[in-house]
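Reading the structure
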Amino acid sequence: MSASAVYICDVKGKVLISRNYRGDIDMSVIDKFMSLVMDKEEEGNVTPIIEHNNVTFIYIKYNNLYCVATSKKNSNVALVFSFLHKIVQIFIEYFKEMEEESIRDNFVCIYELLDEVMDFGFPQTTDTKILQEFITQEGHKLEVAPRPPMAVTNAVSWRSEGVKYRKNEVFLDVIESVNLLVSANGNVLRSEIVGSIKMRVFLSGMPELRLGLNDKVLFESTGRGKSKSVELEDVKFHQCVRLSRFENDRTISFIPPDGEFELMSYRLNTHVKPLIWVESVIERHAHSRVEYMIKAKSQFKRRSTANNVEIIIPVPTDADSPKFKTTVGNCRYTPEISSVIWSIKSFPGGKEYLMRAHFGLPSVETEDSEGRPPIQVKFEIPYFTVSGIQVRYLKIIEKSGYQALPWVRYITQNGDYQLRTN
């Protein structure tokens, strides 16, 4: 059992949209909910779940809107939260943004959506691509309601039957973001890899795909523990993946949605050597000018190249008269963020570049060195993964037996990548 009713309210407590799925909740309870929320915010004791007179309020806040679910039963709270976040995601897909104006402009379409996503307290079809097949922006203007696609009543609710393509292709992107924090003396304080496997599927029929990775658990269970393998943590799959199959033999087996989707995400809490190392020497001259010498070094293999590298160096807020000299790329002063951005279009592995910057300082105030922001680095390295994850195979099985082309691409990019300065 999930929610009995769903409300969307503004910050003043005015109900913009409401849908009672079980008829056991009085509309007046939402007024009490808002007063309870205001009281808890004033006390600094905000909680995502509030209970009052046998009614449980479960809510999330997005763009100054409260999305509230109420229940009188012993509901699965995790399911309700997941449902509320899914509603927000659906509205964003339909209306580009979820805010008060978009709610008011599209309330007929929203009521149609709320009727489809839940029935008598049980979540139903929440896949946006399937909903868009029979609920359109102009759906309320049509005299005859369109027939729901088979996917709504199918076991495979995320894919419609009868999909056809002249050319059957699958594009698979393994994207890893590196989160890194380096202290001023060069020690790595925090490092992790956050990865995702994204797919674009253009396949006819109802194909079954099987994806094999160099998963450490699988390799050890099959006696290949010494091979190059990766231990994945916090793995999260799209709903199409057969979890029981993965738990049994670590095979990622699934019937994919049509088009673009994220198949899985993972995290590796591991020591990461900084891919792009940045050293800075800052010289101040009698509060009249300041000079920066920045050295950037790529610490990955020579056969790889980082593209669109941006090194963002913070400078004093009162700096003026910028002058730059660099061995590669170009520099620009961005006073709105008090930084110099050193852009390098192509940064091959094993290379080292220098940049010098000179600024005038009209004021005589001393800068607090402890409050100096860190240097940030942005980059993207194609055909490369930090973790060493590899797609061993991607099998496509469909009853018609057509031939399909799988394309695999690896990308490493920056996440929260910061280097502190002295």
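So, a few notes on the structure that sits alongside this text.

The rules behind these values
Residues numbered from 1 in each chain as written. Predicted model: local features only at pLDDT ≥ 70, side-chain atom pairs only at ≥ 80, totals over all residues. Heavy atoms only, no water. Salt bridge = Lys/Arg side-chain N within 4 Å of Asp/Glu carboxyl O. Buried < 20%, exposed > 50% of the residue type's maximum accessible area, 1.4 Å probe, protein only. Helix = DSSP H or I, 4+ residues; strand = E, 2+ residues; numbered from the N terminus. Pairing = 2+ DSSP bridges. Axes fitted to C-alpha atoms, helices over the stretch in contact; angles between N-to-C directions. Contact = heavy atoms within 4.5 Å.

On inspection of all chains with the given rule, the structure shows 14 salt bridges. With its nearest N and O atoms 3.6 Å apart, the salt bridge here joins Glu169 to Lys167. Under the relative-accessibility criterion, Glu169 is labelled buried at 15%. Relative accessible area serves as the criterion here: at 53%, Lys167 is assigned to the exposed category. For Glu208, the salt bridge goes to Arg242, with nearest N and O atoms at 3.4 Å. One end of the pair, Glu208, is in strand 10 (residues 208-213); the other, Arg242, is in the loop between strand 11 (233-237) and helix 7 (243-249), and 34 residues separate them in sequence.

This part takes up the environment of Lys86. Considering the arrangement of structural elements, one finds Lys86 in helix 2 (residues 77-95). Along the primary structure Lys86 and Val117 are separated by 31 residues, whereas in three dimensions their C-alpha atoms are 9.4 Å apart.

The next thing to look at is the sheet that holds strand 13 (residues 259-268). Ordered in space as 11-13-9-8-23-21-16-19-18, the 9 strands form an open sheet in which the pairing is mixed. The open sheet is flanked by strand 11 and strand 18 (330-334), the only strands paired with a single partner. In this sheet, neighbouring strand axes are inclined to one another by 15 degrees on average, regardless of whether the strands run parallel or antiparallel. Pairing of strand 16 (residues 305-314) with strand 21 (residues 375-382) involves 4 bridges; the strand directions are antiparallel. The residue bridging Ile311 from the neighbouring strand is Val377, located in strand 21.

A separate point is the sheet that holds strand 2 (residues 15-20). Here we have 5 strands laid out as an open sheet, ordered 2-1-5-4-3, and antiparallel in their pairing. Whereas interior strands pair on both sides, the edge strands pair on one side only; in this sheet they are strand 2 and strand 3 (49-52). Between one strand axis and the next, the sheet turns by 20 degrees as a mean value, whatever way the strands run. Bridge count for strand 1 (residues 5-10) against strand 5 (residues 65-71) is 6 bridges, and the pairing is antiparallel. Across the sheet, residue Val6 finds its bridge partner in strand 5, namely Ala69. With respect to the sheet, helix 1 (residues 29-43) is in contact with strand 1, strand 2, strand 3, strand 4 (55-62) and strand 5, its orientation differing from that of strand 3 by roughly 125 degrees.

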